Amino acid sequence: MKNDTLPMSRNEPKAGAQALLLAALWTILALLAYLGLRHLNMDPRRGDIVRLDNVQMQGFEEEGGQLRSVGAMPAAFHLIEGDAAFTSEDYYVFSLEADTVPGAPAQLVVDLYGSDYDSPAQERQFLLTPGQHDLRVAGRFNTGRAPARAAFRVFYSGPPGLALSDVRIAHLPAWRVYLERLLGLTLAGAAVLLSWRLSVWLLGKGGEAGGVQGSSLLLAAAVVGCLRFVFQAGLPYWSGDEYLYKSIASGIWHAGRSGIPSSSQVLHDTNLPNLLYGYWIAPAFAFGEDFYLAIRAINAATMALGVIPLYFIAQRLMPARRALAAAVLGLALPSLFLGSFAVTEALYFPLFLFACHALLRMMEPPVSWRVLGLFGLCVGVLLNVRLNAIILIPAVVACTLISQRRTWRDWLFRPAWATSLVVAGVSYLLLKHLLTNPDADGLGFYENRSGGWASTAIRMALQGPLGTVKLLLGHFTLLALPFAPAIAFVLALPWMRMEDEDAGRRRNVAIALLLVVALSVAMAVAFTLGVAPQDIGGLGRWHSRYYFAALPLLVVLTFTGVEGWSWTRGARIAYVGNFFALMLSAVLFVVVFKLAADPWFGSTVDSMEAHWYKVAAWLFPWFLLAMFVAGGLVLAGRRAPAIALLLGWLAVANLATFRVLSTGPGSDDPQCGKLAYQLVARAPGSVAAVVSGRESLVDNLFWLPYLPREARFVEAGSQIDVSALPGDDYILSDPQVTITGAELIEHTGNCRIYRAN
């Protein structure tokens, strides 16, 4: 009887976790389906377009393909009107676009009107805020008892200058409206089920033994991936590094390795030693102008895989249920919004965690050649994604020494761990040779231009000691809130009393994880010092982006309990000292030096953990107080307050990051490359870019899903004759450059797209 019931009790937490993850996945899929169909239903281009007759305007004039409001007329006379046949009790959807809203608050009113037919049910109002750019408004209504013909009207109430364009109205099939409502009800039901399953799982007593099934981990990865995609899909692009990696990926998709662009083709060095990411996202360009959405989907799925190694890492320190929670929350860090962009960090993240898992396996006897080879292969592949992976080399040396049960002489003269480094070097060089162009020797354009990375970093540290201190304080501040209790706890472990052998093993694992984090942060500091002579930020680059892949390890350490360890006097002193040192760093940085207001602290994508300091600065003293309470309770063996604080910080930090990214660089760009792609698709031809600056270069070429034939920088105010661009059918430019001998295509807004005659 006992043997019959034991397997069932072990399977209960697995079944509960699977049910929870299935409910979460159902909720996410229902949300995606609902939002997708609603977006489709709010786009007149996806319906049967209604043509308006007898179009009349009052207070508007046609100007360059737009309808611009003119004159200081009463609001009632800023009117666009046209009539058409409408079906009773049917659905119609409309949309229109407006350029920059002038002057003062204003209002747009759209309605249907006819004889004895003027009801608020067929009227939609939109408030306009001064300064809004490229505004698109959309709405829909049921016609009710409509006459045979009715007028579709657009009223504008506000100062003159507003330009309207692309006014559309279309018939919306009723079945799509009913399906949207059904999906809304399904979403509500899924949310209720998710809440119930979450409550059952959290309040259950299982999960202390055994592990989570592989299917549960895959479900967790699917849920995390869907969530990340939902929040990332609508964010504006960032440009910067994205332009380079997007260009490389599009070249690879269309021509393989030989398609990697030259520096003259994209006006940027492309002799990179880390091109694996370009190959990884290249299939996104099979989707044409929607390539960017496909890149974000690939990134979301890729980063979600980090749940798997992070769970196995956490399971070495805690029970299965807690390990799964830590793994999922490890992927809720704000810096994972990097997956919104075409940057190498998206692929680096899960591979780095897999390498950390392999590193921990190397610390467990007996060490097999398979594990040594696996770790070496992970490092070799990682170095072809980001060179930050170099920190894993000193990490493996230190971690194997920490876990060594023999003498240091055996470790030194019988270095089985060195096999992994040999595999890493061979796999890195081989993969690099297969992926890169022949001119990507050494570090490519990452080569230091000031006489070597180490010498430059040392020189800068000595020349600016105060700047170096502020640099360190900034990184300590990013780590202190909310990870100070976890960091101080691990630093106190060497002085704690181990109750059994397993406690000693768990201590080594925790120290190894913190060591990887420390090496990652040290690498970021050294890199900042090394590029300080050329970088506009100098020593003020507090970029958590350089070590964001290691931060989930701190989430795991936050969830680590004190089971098997007991406090000693020395451990308490070490804990309190390190905890106060971290908190003092935050106070000095934020309150004394007031560097949290520095624009480089919390720059758009480089230090997302810092955005909340700008968006919700008033919360800092409250977080500080909560940190001291949670940190004090750790001494009493209570981890729950530190975990609760982490959850609160994740909510605030993610909301702040989403807000900053939503209005960040790229949100107001005209996306001329996308328009050019649509034009070229109608009349194919080769494309060149002639621009006056990097910003217009990126806007013109980023949204083009293939490479231009050539690109040139010229001085602002230049005039270039089309004869100097032989073989180019289209020239993308900007308002600061004039192309003579070519036709400027009309109705392209702020874009300058020329067609060679």
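Parameters and conventions
Residues numbered from 1 in each chain as written. Predicted model: local features only at pLDDT ≥ 70, side-chain atom pairs only at ≥ 80, totals over all residues. Heavy atoms only, no water. Helix = DSSP H or I, 4+ residues; strand = E, 2+ residues; numbered from the N terminus. Buried < 20%, exposed > 50% of the residue type's maximum accessible area, 1.4 Å probe, protein only. Expected span 1.5 Å × (residues − 1). Polar contact = N/O pair within 3.5 Å; in protein donor to acceptor, adjacent residues only side chain to side chain. Disulfide = S-S within 2.5 Å. Phe/Tyr/Trp six-rings, centres within 6.5 Å; stacked < 30°, edge-to-face > 60°. Lys NZ or Arg CZ within 6 Å of the ring centre and 35° of its normal. Pairing = 2+ DSSP bridges. Axes fitted to C-alpha atoms, helices over the stretch in contact; angles between N-to-C directions. pLDDT = per-residue confidence, 0-100. Contact = heavy atoms within 4.5 Å. Core = buried A, V, L, I, M, F, W, Y, C linked by side-chain atoms within 4.5 Å. Salt bridge = Lys/Arg side-chain N within 4 Å of Asp/Glu carboxyl O.

Draft legend 1. Summary view of unusual backbone geometry. Note the cis peptide between L481 and P482, where omega equals 20 degrees. Mapping P482 onto the fold places it in helix α16 (residues 465-492). Although it is not a glycine, L267 sits at a positive phi angle of roughly 55 degrees. Counting through the fold element by element, L267 comes out in the loop between α5 (263-266) and α6 (276-281). Taking relative accessible area as the criterion, L267 reaches 22% and is therefore assigned partly exposed. Non-glycine residue K594 carries a positive phi angle of around 55 degrees. Along the chain, the position of K594 falls in the loop between α19 (569-592) and α20 (611-615).

Draft legend 2. Spatial organisation of helix α17 (residues 501-531). Here α17 is 31 residues long and its end C-alpha atoms lie 46 Å apart, about the 45 Å a rise of 1.5 Å per residue gives. Near the N-terminus of α17, the side chain that reaches the backbone nitrogen of D502, with its oxygen 3.2 Å away, is that of D500.

Draft legend 3. Inspection of the state of the cysteines at higher detail. Tallied over the entire structure, the rule returns one disulfide. Shown here is the disulfide that connects C672 with C751, its sulfur atoms set 2.1 Å apart. Because the torsion about its S-S bond is -90 degrees, the bridge between C672 and C751 counts as left-handed. On the criterion of sequence distance, the pair formed by C672 in helix α23 (residues 672-682) and C751 in the loop between β19 (742-744) and β20 (752-756) is long-range, its members being 79 residues apart. For the pair shown, C672 and C751 are each scored as buried. In this structure C356 is not part of a disulfide, and its nearest cysteine sulfur, from C399, lies 8.8 Å away. Residue C356 is classed as buried on the basis of its relative accessible area, which comes to 2%.

Draft legend 4. Local environment of helix α9 (residues 320-330). When you tally the buried positions in α9, you get eight out of 11 residues, the bulk of the element. Among all positions of α9, only A320, R321, A323, L324, A326, A327, L329 and G330 are buried.

Draft legend 5. Fine view of the packing of aromatic side chains. Inspection of the entire model under this criterion finds 34 aromatic pairs. Judged by centre distance (6.2 Å) and plane angle (55 degrees), the rings of F291 and F702 are tilted. Here the residue F291 occupies a position in helix α7 (residues 291-304), and F702 occupies one in helix α24 (residues 694-702), the gap between them amounting to 411 residues. Note on F702: relative accessible area 0%, which makes it buried. Grouped by ring-pair contacts, the aromatic residues F489, W565, W567, Y575, F579, F580 and F628 constitute a single cluster. If you follow R228 out to its NZ or CZ, it ends over the ring of F337, 5.1 Å from the centre. Between R506 and the ring centre of W565, over which it is positioned, the NZ or CZ distance is 4.3 Å.

Draft legend 6. Just the sheet that holds strand β7 (residues 106-113), in detail. One open sheet holds the five strands; their spatial order is β2-β5-β10-β7-β8, and the pairing between them is antiparallel. The open sheet has two edge strands with one neighbour each: β2 (53-58) and β8 (123-128). The sheet shows a mean angle of 10 degrees between the axes of neighbouring strands, taken without regard to direction. With four bridges joining them, β2 and strand β5 (residues 79-85) adopt antiparallel strand pairing. By the bridge assignment for β5, D53 is matched with D83.

Draft legend 7. Region of the structure containing the confidence of the model for the protein chain. Of all residues in the protein chain, 87% attain a pLDDT of 70 or more, and the chain-wide mean is 84. Predicted confidence for residues 1-10 stays below pLDDT 50, and this span has zero contacts to residues more than four positions away or in other chains. Per-residue pLDDT stays below 50 along residues 205-209; that stretch engages in eight contacts with residues further than four places along the chain or on separate chains.

Draft legend 8. Summary view of the nonpolar core. Counting 190 residues, the largest nonpolar core has F352, L481 and W612 as its most contacted members. In terms of residue count, α16 provides more of this core than any other element does, 14 residues in total. Those residues within four positions of W612 in sequence are excluded, and the remaining contacts are L481, A617, L619, F620, F623, W649, V652, A653 and A656.

Draft legend 9. Looking closely at the pattern of salt bridges. With the rule as written, the count across this model stands at 22 salt bridges. Linking D43 and R46 is a salt bridge whose minimum nitrogen-to-oxygen distance equals 3.9 Å. On the basis of relative accessibility, which here comes to 5%, the residue D43 falls in the buried class. Given a relative accessible area of 52%, R46 falls into the exposed group. A salt bridge links R149 to D83; the nearest nitrogen and oxygen atoms lie 2.7 Å apart.

Draft legend 10. Expanded view of the sheet that holds strand β15 (residues 710-713). Strand order in this open sheet of five strands is β15-β14-β17-β20-β19, and the pairing throughout is mixed. Taken across any chain shown, the strands that pair with only one partner, and hence form the sheet edges, are β15 and β19. Going from strand to strand, the sheet's axes swing by 25 degrees on average, the running direction of each strand aside. Here β19 pairs with β20 via three bridges, running antiparallel. Across the sheet, residue A742 finds its bridge partner in β20, namely A756. Across the face of the sheet, α23 comes into contact with β14 (687-691), β17 (730-733) and β20 while running at roughly 30 degrees to β20. The sheet strands contacting α24 are β14, β15 and β17, and the helix crosses β14 at an angle near 160 degrees.

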